[in-house]
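# Structure assessment
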Amino acid sequence: MSTTAALIGAEPREVESRDVSVPVFADRNAAYYGSVFERLQKGELPFWHMNLAGLLIPWVWSAWRGVWLMFWVSLALDMIGLVCLMQNFKYGPLLADAHLDPSANAILIERYTRWLSVYNNVGIATLILGRLLIGLQANRWYFRQYSKWRIDGHTAHGVVARRVLIAALILVLVAPITLYRATQQRIDERACFNQVRAIDGTQRLLSRYGVTEVSDLTSALADRRDRLVTERATLEASASLTDDQKGRLAEIRREERQLRRENDAVEDFKAVSAKDRFDCLFIDDFPTLARIDPPEDVTYRRVPDEDAIAQGRSGATKVITQVKDPVEGRTVNIFTYTAESIDIGINFLRAQYAGIFDALTNVLRQSLIRVEVAFMLTPWPVLVGLAMILAWAYCGTGTVVFVGASLTFLAVFELWQIAMQTMALVVVATAICIFVGLPVGIWMAKNRIANWITEPILDVMQTIPSLSYLVPAVAFFGISQPPAVLATVVFAIPPMVKLTALGIRQVPQSTKEAALAFGASERQLLTKVELPMAVPSIMAGLNQTIMLALSMATISAFIGAEGLGAIVTAALGDAQAGKGLLAGIAIALVAMVIDRILKGIRSSLSRI
Amino acid sequence: MSVVEVDGVWKIFGDKSAEAIAAVRGEGLGKAEVLDRFGAIIGVKDASFTVEEGEIFCLMGLSGSGKSTLVRHINRLIEPTTGTIRILGEDIGAMSSEALRALRAEKIGMVFQNMALLPHRSVRDNIGFALELRGKDAYHRAQLADHALETVSLHGYGDRLPSELSGGMQQRVGLARALAADPEILLMDEPFSALDPLIRRNLQNEFLGLSQNLRKTTVFITHDLDEAIRMGDRIGIMNDGEIVQIGTAEDIVTAPADDYVADFVAGISRLKLVSASKIMVAVESHVARHGPIDDAHDYPTARPEDDLDTLVELSTGTELPVLIRHDGGTVGIVTKDTLLHGLQGTEAT
Ligand SMILES: Nc1ncnc2c1ncn2[C@@H]1O[C@H](COP(=O)(O)OP(=O)(O)O)[C@@H](O)[C@H]1O
Ligand SMILES: [Mg+2]
């Protein structure tokens, strides 16, 4: 085939002809950069060669030429140096104070002086060395950018004033506040909280007194105090008082007390200086943005339904709703609001669908009991023999020895029965993971939208700390084995789903196409091609799921799971390190035994 | 009735395929412009051809020219944007999905460039795959599979896994799988392209032998003109989704339809392709130029359908031109000059 034929056949692609010479790239001062780049390429540029602009005005130079990495590095280095020097403003006044009484403050003086000298040395060193580094590196960075630009024309090149403007904006945003922060002491933790309260309280008073200005508020408060004082004086002046008048007097005293509090709040508010407000808003913790009324405090309870029972439907129940009065003036932040709403939601679901939750609990409990009985009633020699035969069939002699030793460990330390309880929990949880995870994984692999929905949920499930699962499990199901199983399932299911989906997606398009070409239906494609080819991946997922289930089975001892985990948690409570350690080793051995045997089975499968 | 009839098939990948077709028809847009304007890719552009019973039809073109896309229309792995495909007279665009699956499993076998065997199944189960999909019992499946294995000379390999076989053997399995259900039609998408030259040559020969016996109607795809000429009864040449020429190897080599085809055939040896009738000079014009034929000499003679190779054979060792005789009369004359020009593919002056 001639080259012309190839050219005619290939999609015609215009190779964009672009001038990639240094003058186009550097724009200004091209002669200098031309020679520098040439010497760099030849390896002739001495390492001490300085870019003066990089040394003296690195921010401006790098922004102007679009070497952003250098801009950020030089900015960071300079800021570190300056922040160190700023410590003079922070500790300088303290040192001066201490010097007023040198004998009493000897330790403080020594300490501040030492800190300051360290800060000053580090600061100056960072500034000087940093600038030297930038000056030395500037040309090399710039050359790297040039190489990139030759490949990709969109890379920043030339000199652009707008970039300097952006850099200036960044500086204005970053530098002043950072440097200011360096000069300030740490803000008192309560200060900002009190500030928020004073502002809140004053705001409320403003609306209560129907005024808009704080000065008006002060005078309104003063008016009211004057009136109360006069009234009290008259009352106190009279010789004898009726009961009514006595009551009124007590009320006046109460009002006066409240008035004093209000006055204090207003005084606090006035005392908040602009600097304090600035400090609390910008250099302390992220400010609380919104304080809102808490959600309505509702409790849902399921109680016997008397009416229905009277009508002959025995055992009928209904959900009643109790609303508590809100606490006067209580406002909460968004975190608390959401958390309380979730609590109320869980409470509602728990009361509304009690039947479902109870049924689920029951099914789980029954299956757990069955499996547990199976494990505990099977004589130990049978189980040990089975494990060793499996190890022998699928793994090497080493694994057989290891399995034997591990099981002996369990037997010798009399942990056998307890380990079987753990096993029962793991088996039930894993079975649920397979029954739910496999179809979901298939669905996820086949359906883009399902994938789009499921993927983030699985990610969240995997990243939430395992202990967090225990709380909602308890909220819905109380403390017992079934919620422990559920928490374990939630924790252990993601790898099952993900690796099933992955295995199915990994089936080559061409293989699926071949199956279709021979007349496979969608279902046949799944059962005869995709699932068999996904088996190694699914087995890997199963392995991970079992390991996760085992670790979660331990943790869920906190909410009533029996087994080895319960020993660990009990030991934790009583600070019995030895007991906990032995049980922990037992768990690890069980995990390793299962893992080795499964790995053996998997590799014998993938040999097919 | 042709076994395969492809009629006015267009395939445009992308959302705005209808607009794109209209624009290509109306304004004659090229591939790049369509991509620019509609974000659509021309896969196949107005392809029409037929394949007769027992014929091997080769589709040839550079990679990306739309051969795979076009051949996948024949078993409707790809739906055409417009156009119809008839298999054994039946429009497959109108088939129900069940009928289509039956057609794929029973009437059409397909062989892929990358074999696409199922790695978890034995060779025998791979070959029996189509039969299994149709619900054939295991016993008959195994029998048919073993028979197909014998056909591709892989007797006794039924219990191996595909990964245990070499590339050439895997492709034999691929071929056996396509043959197992004894389909009428074979679709072969660059079946030998991924193989070493020697093995490729072997398989080509074997396949030719096989197809002489089995007489399967075959659509054979290749990007290699030599292969197309060896295998194909007729050849369709594709460029940018369009079939630019259909004809026998000789038609294409002696009368390329455009520069694209001409460039393709430029390097092809014409020895075995071009027949005497294509290059011979009429007796009168020969006489006009070189004088009458002297019957005293013992001229070498050939038939019009003899190829250039034969003429070269006859012309060596003599100064005399070759007489091309047909039905007892001389119909043309091939001198050494004519022969050399014929070999080069240029006109004699
Ligand atoms: N599913 C698809 N989506 C979009 N474009 C495709 C698709 N399949 C093939 N194409 C395009 O169609 C053109 C023809 O491809 P193909 O039929 O594979 O060529 P060949 O088999 O001749 O190498 C190519 O440009 C390719 O990019
Ligand atoms: Mg192809």
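Residues numbered from 1 in each chain as written. Chains lettered and ligands numbered in written order. Predicted model: local features only at pLDDT ≥ 70, side-chain atom pairs only at ≥ 80, totals over all residues. Heavy atoms only, no water.

### Brief notes about the overall build of chain B
Across its full length, chain B holds 16 helices and 13 strands. Counting only C-alpha atoms, chain B reaches 75 × 55 × 35 Å along its principal axes. Partitioning the contacts of chain B with sequence separation of at least 6, the portion at a separation of at least 24 is 67%. Entry remark: accessible area of chain B is about 15,700 Å², with carbon and sulfur atoms responsible for 47%. (Helix = DSSP H or I, 4+ residues; strand = E, 2+ residues; numbered from the N terminus. Contact = heavy atoms within 4.5 Å. Areas by Shrake-Rupley, 256 points an atom, 1.4 Å probe, with all protein chains shown as cover.)

### Observations regarding the overall build of chain A
Tallying secondary structure elements over chain A gives 25 helices and two strands in all. Relative to the globule expectation of 25 Å for 608 residues, the C-alpha radius of gyration of chain A, 37 Å, shows a markedly less compact shape. C-alpha atoms of chain A, sized along the principal axes, occupy 100 × 100 × 60 Å. Out of the 608 residues belonging to chain A, those deemed buried represent 38%. Counting only carbon and sulfur atoms, one obtains 63% of the accessible surface of chain A, whose full area is about 34,700 Å². For chain A, the separation between the mean place of its 58 positive charges and that of its 55 negative charges on side chains is 7 Å. (Rg over C-alpha atoms; globule rule 2.2 N^0.38 Å. Buried < 20%, exposed > 50% of the residue type's maximum accessible area, 1.4 Å probe, protein only. Lys, Arg positive; Asp, Glu negative; His and termini not counted. Charge placed at Lys NZ, Arg CZ, Asp CG, Glu CD.)

### Here we look at the packing of aromatic side chains
All names here are of chain A. This model, assessed by the stated rule, comprises 33 aromatic pairs over all chains. Both rings, one in F25 and one in W149, keep their centres 5.2 Å apart while their planes meet at 40°; by these two values the pair is tilted. Here F25, found in helix α2 (residues 22–26), pairs with W149, found in helix α7 (residues 106–151); they are 124 residues apart in sequence, far enough to count as distant. We note that F25, like W149, is buried. Taken together, F25, Y32, Y33, F37, W61, Y142, F143, Y146 and W149 form an aromatic cluster joined through their ring pairs. (Phe/Tyr/Trp six-rings, centres within 6.5 Å; stacked < 30°, edge-to-face > 60°.)

### Remarks on the pairing of strand β8 (residues 217–222) of chain B
All names here are of chain B. Most of β8 is tucked away: six of the six residues are buried. Along β8, one buried face is formed by T217, V219 and I221 and the opposite face, lined by T218, F220 and T222, is buried too. As paired strands, strand β3 (residues 56–61) and β8 are joined by five bridges and run parallel to one another. Residue pairing across strands places I56 opposite T218, the latter belonging to β8. Sheet analysis places strand β7 (residues 185–189) next to β8, joined by five bridges and oriented parallel. Note that in β8 the partner of D189 across the bridge is I221. Taken together, β7, helix α9 (residues 197–214) and β8 constitute a β-α-β crossover, and its handedness is right-handed. (Pairing = 2+ DSSP bridges. Right-handed = clockwise from strand over helix to strand, strands pointing away.)

### Things to note about the domain arrangement of chain A
With domains assigned, chain A is organised as domain 1 (15–183), domain 2 (189–283), domain 3 (298–351) and domain 4 (358–605). The centre of domain 3 of chain A, based on its C-alpha atoms, is set 36 Å off from the matching centre of domain 4 of chain A. (Domains from an automatic or database assignment.)

### Quick look at the packing of helix α5 (residues 58–65) of chain A against helix α6 (residues 68–99) of chain A
Residues and elements named next belong to chain A. The interhelical angle for the contact between α5 and α6, taken along N-to-C directions, is 165°, at an axis separation of 8 Å. On the basis of the axis angle, α5 is roughly antiparallel to α6. Crossing of α5 against α6: the hand is left-handed. Residues P58, W59, W61, S62 and A63 of α5 form the contact with α6, whose participating residues are W68, M70, F71, S74, L75 and D78. Residues belonging to the contact of α5 with α6 are distributed by class as follows: eight nonpolar, two polar and one charged. (Axes fitted to C-alpha atoms, helices over the stretch in contact; angles between N-to-C directions. Parallel < 35°, antiparallel > 145°, perpendicular 65-115°, else oblique. Left-handed = near helix turned anticlockwise from the far one by under 90°. Nonpolar A, V, L, I, M, F, W, Y, C, P; charged D, E, K, R; others polar.)

### A look at the site of ligand 1
Residue and element names in this part refer to chain B. By nearness alone, every residue bordering ligand 1 is listed as F13, K31, I41, G43, L62, S63, G64, S65, G66, K67, S68 and T69. Take G64: an N or O atom from its main chain is 2.6 Å from an oxygen atom of ligand 1. The backbone of G66 places a nitrogen or oxygen atom 3.0 Å from an oxygen atom of ligand 1. When ligand 1 sits alone it has 560 Å² of accessible area, and the protein chains cover 62% of it. Secondary structure elements with two or more residues in the shell around ligand 1: β2 (41–51) and α3 (67–74). Sorting elements by how many residues they give to the shell around ligand 1 places α3 first, with three residues. Of the residues that constitute the shell around ligand 1, the class distribution is three nonpolar, seven polar and two charged. (Near = heavy atom within 4 Å. Polar contact = N/O pair within 3.5 Å; in protein donor to acceptor, adjacent residues only side chain to side chain.)

### Focus: the sheet that holds strand β10 (residues 242–247) of chain B
Residue and element names in this part refer to chain B. In spatial order, the strands read β6-β7-β8-β3-β9-β10; together these six strands make up an open sheet with mixed pairing. This sheet does not close on itself; its edge strands, each paired only once, are β6 (108–111) and β10. Sheet twist, expressed as the average angle between the axes of neighbouring strands with direction ignored, equals 15°. Across the sheet, α3 is in contact with β3, β6, β7, β8, β9 (234–239) and β10; its angle to β8 comes to roughly 160°. Set on the sheet, α9 makes contact with β3, β7 and β8; between it and β3 the angle comes to about 145°.

### Topic: the interface of chain A and chain B
Frequently, the measure chosen for interface size is the accessible area that the parts lose on association. Contact with chain A, which involves 25 residues of that partner, is made by 31 residues of chain B. Interface area for chain A against chain B, summed over the two sides, is near 2,500 Å², with a carbon-plus-sulfur share of 67%. Connecting chain A to chain B are two salt bridges. Across the salt bridge formed by K528(A) and E132(B), the nearest N and O atoms sit 2.7 Å from each other. Taken together, the connections running from chain A to chain B amount to six residue pairs in polar contact (both at pLDDT 80 or more). Those elements that provide at least two residues to the side of chain A that touches chain B are α1 (3–9), α22 (509–517) and α23 (522–555) of chain A. Of the residues contributing to the side of chain A that touches chain B, the split by class is 14 nonpolar, eight polar and three charged. (Buried area = accessible area lost by both parts, 1.4 Å probe. Salt bridge = Lys/Arg side-chain N within 4 Å of Asp/Glu carboxyl O.)

### What to know about unusual backbone geometry
All names here are of chain B. Positive phi, normally seen in glycine, also occurs at R76, with a value near 60°. Relative to the assigned elements, R76 resides in the loop between α3 and β4 (82–87). Within the chain, D240 stands out as a residue other than glycine whose phi angle is a positive 50°. Look at D240 and you get partly exposed, because its relative accessible area is 25%.

### Comments concerning the state of the cysteines
Residues and elements named next belong to chain A. Throughout the structure, instances matching the rule amount to one disulfide over all chains. Paired by a disulfide, C192 and C280 hold their sulfur atoms 2.1 Å apart. Between C192 and C280 the disulfide shows an S-S torsion of about -90°. By sign, it is left-handed. Taken as a pair, C192 in helix α9 (residues 189–208) and C280 in helix α12 (residues 274–283) lie far apart in primary sequence, 88 residues in all. Taking the relative accessible area as the measure of exposure, C192 reaches 10% and is therefore buried. (Disulfide = S-S within 2.5 Å.)

### As for the domain arrangement of chain B
Parsing chain B into structural domains produces domain 1 (52–83 + 94–265) and domain 2 (276–344). Domain 1 of chain B and domain 2 of chain B are separated by 41 Å when their C-alpha centres are compared.

### Re the nonpolar core
Within soluble globular proteins, side chains that are nonpolar generally end up buried alongside one another. Core analysis: the biggest nonpolar cluster contains 97 residues, and L70(B), I74(B), I127(B), F207(B), I235(B) and L311(B) have the highest contact counts within it. Looking at this core element by element, the count peaks at six residues for helix α8 (residues 167–180) of chain B. F207(B) has contacts with I56(B), L175(B), L186(B), M188(B), F192(B), T218(B), F220(B) and M231(B), leaving out every residue within four places of it along the chain. Counting 67 residues, the second largest nonpolar core, distinct from the first, contains V371(A), V426(A), V489(A) and A561(A). (Core = buried A, V, L, I, M, F, W, Y, C linked by side-chain atoms within 4.5 Å.)

### Some thoughts on α8(B)
All names here are of chain B. Over its 14 residues, α8 runs 20 Å from end to end, which matches the ideal 20 Å to within 8%, given 1.5 Å per residue. A large share of α8 lies buried, amounting to twelve of its 14 residues. Restricting attention to buried positions, one finds in α8 the residues G168, Q170, Q171, R172, V173, G174, L175, A176, R177, A178, L179 and A180. Just downstream of α8 lies D182, where phi reads positive at about 50°. (Expected span 1.5 Å × (residues − 1).)

### Focus: the sheet that holds strand β1 (residues 4–13) of chain B
Through backbone hydrogen bonds, the strands of a sheet pair up, either in parallel or in antiparallel fashion. All names here are of chain B. Strands sit in the order β2-β1-β4-β5 across an open sheet of four strands; the sheet is antiparallel. The strands lining the two open edges of the sheet, one partner per strand, are β2 and β5 (90–91). Running over the sheet, helix α1 (residues 17–27) touches β1, β2 and β4 and is turned about 110° from β1.

### Re the side chain of H73(B)
Inspection of the secondary structure puts H73(B) in helix α3. H73(B) has contacts with V9(B), K11(B), V44(B), I78(B), E79(B), P80(B), I85(B) and I92(B), leaving out every residue within four places of it along the chain.

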